[in-house]
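Structural characterization, general
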Amino acid sequence: MRNEIFPVYAAGSNSFHPIVRPGQNAWRVATADRLRVLVDGEAYFRLLEEILVQARREVWIVGWDFNPDIPMRPGDPQSPTLGAFLLDLVEARSDLTVRVLVWAMGPIYSGKSLKMFRKRRWSSHPRIRLAFDSRHPIRGSHHQKLVVVDDRVAFVGGIDLTAKRWDTSEHRVDDPRRVLPSGERYEPVHDLQVALEGEPARLAGDIARRRWLFATDETVPAAPAGSGMSLGGEAPGGLPDMTDVAVAFARTEPAIRGRSAATEAMDLPVAALKGARRHIYIESQYFASRRVCDVLCERLAEPDPPEVVVVSTLSSHGTIERLVLGANRDRLIRRLKCCDRHGRVRAFYPVVPRADGTEQEIVVHSKLVIVDDVFLRIGSFNLNQRSEGLDTELDVAIEARTEAERRAISALRDRLLAEHLGAAAEAFGVAVRAEGTLGAAIDAFNTGARALRPFGNALCDGPMTPVPGTGIVDPVAPWWPFSGWLERGRSLLDRQLALLRRPASSLEPDNASLASSRTRPSGSGMKK
């Protein structure tokens, strides 16, 4: 994919080159008839239902988690649950098959329950295939989040079809619709999903089929792409759709079971960050990637660096997450602040007001990188270590080629920041253009009860390196804790078998042992 109209310049030079490079930092690129960014769960679930009722042949649902008991339309007493909705679809159409592929540990992590593993009415239908994917490295997970309908429309991003994902863009503290299937309320949550119409949906279908084959050893041939299905209507929230837009797919796939690693989901945004000229805007559940921090610090050391705005979650869930991922976020933000010689770095968490005058933080579950008005990336990739090479991830990215695409990217950035600030997107965009910087525009609007609060403890005298244990809790690649023991055991067995195979007089025992140690293969056996 070329970017001849709006080139991205290499940092520190006047040369330019495209960011997206298929075969290097992107898996494949295809042109979408239409692309729509869906902000927050309400917009996603509404459009998803509209598309699913048009399905004729095949629906793929791939996720970190899946909960059939969530309502399709929270707050509507007539709403079916997700499981009942899927059952109605296949019963109404004799040619339709629904396949659901879930990380095997996802339902346990999220619901602390084995309920998903039991046969139920919706999953007992012969044309609803439910599979659990346990083929991953130790400590790894399957983190991709996609839905594909007839290879014609696909949804890719950060939203699983599970509990604690639905919310409106208002993120009201007291919204009665934001409840678990049990009736318990959950906190406000911000997220993003991308709807794709056309050829990119077929590529998303290929991803789903490859995952299904890897997990179940069953080959599912691609069905003929559906026709007549479209996103239709107007995009919610005033965001313009992009049409005839080139969409890049970037994956993380760990090296396992003879498969080569894919690290495009990290390599692509890193390339974009290196080419940034004015603005970098990041939303991420975690900010714990040392590689990303390294790149940003390199950029901040330049005489005229781009400004960097990071919006992330404040509170970590669980002790281990707090002690490692939360602590590493604080340390990396501290490091960015210390690298910031020109006052270009801002790091925030969003809040909404409570009736008693206190504040409620919003869980940021989105995974987004916007660079200038040229590059947009949305997907499942968190800015942490494990997303780089341990978990499976899937992102989509746009590199602007036209003025309309540039306007759409900047409009999304303004829409997101305006949401966090309780402002009108158009007014915020006017302020960005008038002030010339995101930081100044944020300061102008960051005066109300709905606001962006800065992360504290950013003094340079605190620790800035990853906490001990990061390599275990948040490893950058597969690791096998017993591989060294296995290799030593295998070496010992080989030596004993060699002694049995050789004549007793060929070598003395000491010499035999010495010979074996000298010819032992190097390495830990991790690539076995």
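Throughout this document, residue positions are counted from 1 along each chain, in the order its sequence is written. At least 70 in pLDDT is required for a residue's local features to be given in this predicted model, at least 80 for side-chain atom pairs to be given and counted, and no such filter applies to totals for whole chains, interfaces and linings, which use all residues. Water and hydrogen atoms play no part in the side-chain values, which are based on all heavy atoms of the structure.

Here we look at the overall build of the chain
- Where helices and strands are cited, they refer to DSSP runs of H or I of at least four residues and of E of at least two residues respectively, numbered from the N terminus. Along the chain, the regular secondary structure elements total 14 helices and 21 strands.
- Pairs of residues are marked as contacts when any of their non-hydrogen atoms sit within 4.5 Å. Taking the contacts inside the chain whose residues are at least 6 apart along the sequence as the reference set, 78% of them involve residues at least 24 apart.
- Every accessible area reported is derived by Shrake-Rupley at a probe size of 1.4 Å, with residue values counting cover from the shown protein chains alone. A total accessible area of about 22700 Å² is found for the chain, and carbon and sulfur atoms account for 52% of it.

Topic: the packing of aromatic side chains
- Any two of the Phe, Tyr and Trp rings considered here, Trp counted by its six-membered ring, make a pair once their centres fall within 6.5 Å; the pair's planes then place it as stacked at under 30 degrees, edge-to-face at over 60, or tilted in between. With the rule as written, the count across this model stands at nine aromatic pairs.
- When the centroid spacing of 5.6 Å and the interplanar angle of 65° are considered together, the rings of Tyr 44 and Phe 45 count as edge-to-face. Each member of the pair, Tyr 44 as well as Phe 45, carries the same accessibility label: buried.
- Between Trp 103 and Tyr 109 the ring centres are 5.3 Å apart and the planes differ by 25°, which places this aromatic pair in the stacked class.
- Three or more aromatic residues joined by ring pairs form one cluster here, namely Tyr 44, Phe 45 and Phe 155.
- For a Lys NZ or an Arg CZ to count as sitting over a ring, it must be within 6 Å of the ring centre and within 35 degrees of the ring normal. Taking the ring centre of Phe 214 as reference, the NZ or CZ of Arg 259 above it sits at 4.3 Å. Three exposure classes are used, based on accessible area relative to the maximum for each residue type with a 1.4 Å probe and protein chains only: buried under 20%, partly exposed in between, and exposed over 50%.

Notes on the pattern of salt bridges
- Any Lys or Arg side-chain nitrogen found within 4 Å of a carboxyl oxygen on Asp or Glu counts as a salt bridge. If you walk through the whole model with that rule in mind, you get 44 salt bridges.
- When the shortest N-O distance is used, the salt bridge between Arg 172 and Asp 174 registers 3.5 Å.
- Residue Arg 172 is classed as partly exposed on the basis of its relative accessible area of 35%.
- Close ionic contact of Asp 443 with Arg 346 constitutes a salt bridge, the shortest N to O distance being 2.8 Å. Remark: Arg 346 occurs in strand 15 (residues 345–353) and Asp 443 occurs in helix 11 (residues 438–445); sequence separation between them is 97 residues.

Structural notes on the pairing of strand 7 (residues 146–149)
- Where burial is concerned, the two faces of strand 7 agree: the one with Leu 146 and Val 148 and the one with Val 147 and Val 149 are both buried.
- When strand 7 meets strand 8 (residues 153–157), the two strands line up antiparallel, connected through four bridges. Looking at the pairing, Val 148 lines up with Ala 154 of strand 8.
- In this description, strands pair whenever DSSP reports at least two bridges between them. Following strand 7, the chain reverses through three residues before pairing antiparallel with strand 8; Asp 150 in that reversal takes a positive phi of roughly 55°.

A short note on the nonpolar core
- We define the nonpolar core as a collection of buried residues of types Ala, Val, Leu, Ile, Met, Phe, Trp, Tyr and Cys that are connected through side-chain atoms lying within 4.5 Å of one another. Core analysis: the biggest nonpolar cluster contains 57 residues, and Leu 35, Leu 146, Val 247, Phe 249, Leu 368, Leu 376 and Leu 412 have the highest contact counts within it.
- If you look at the next biggest cluster of nonpolar residues, it comprises 42 residues, including Ile 51, Ala 55, Leu 89 and Ala 163.

Here we look at helix 11
- Where helix 11 is concerned, the buried positions are Leu 438, Gly 439, Ala 441 and Ile 442. The buried residues of helix 11 all sit within an arc of 165° when viewed along its axis, so they share a single face.
- At its buried positions, helix 11 is contacted by strand 13 (279–284), strand 14 (307–312), strand 15, helix 9 (403–421), helix 10 (425–435) and strand 21 (451–454).
- A side-chain oxygen of the first residue of helix 11 lies 3.1 Å from the backbone nitrogen of Ala 440; this N-cap is Thr 437. When we speak of the arc, we mean the arc of directions from the helix axis to the C-beta atoms. Under this definition, polar contacts are N or O atom pairs within 3.5 Å; protein pairs additionally need one hydrogen-donor-capable and one acceptor-capable atom, and for neighbouring residues in sequence, both atoms have to be side-chain atoms.

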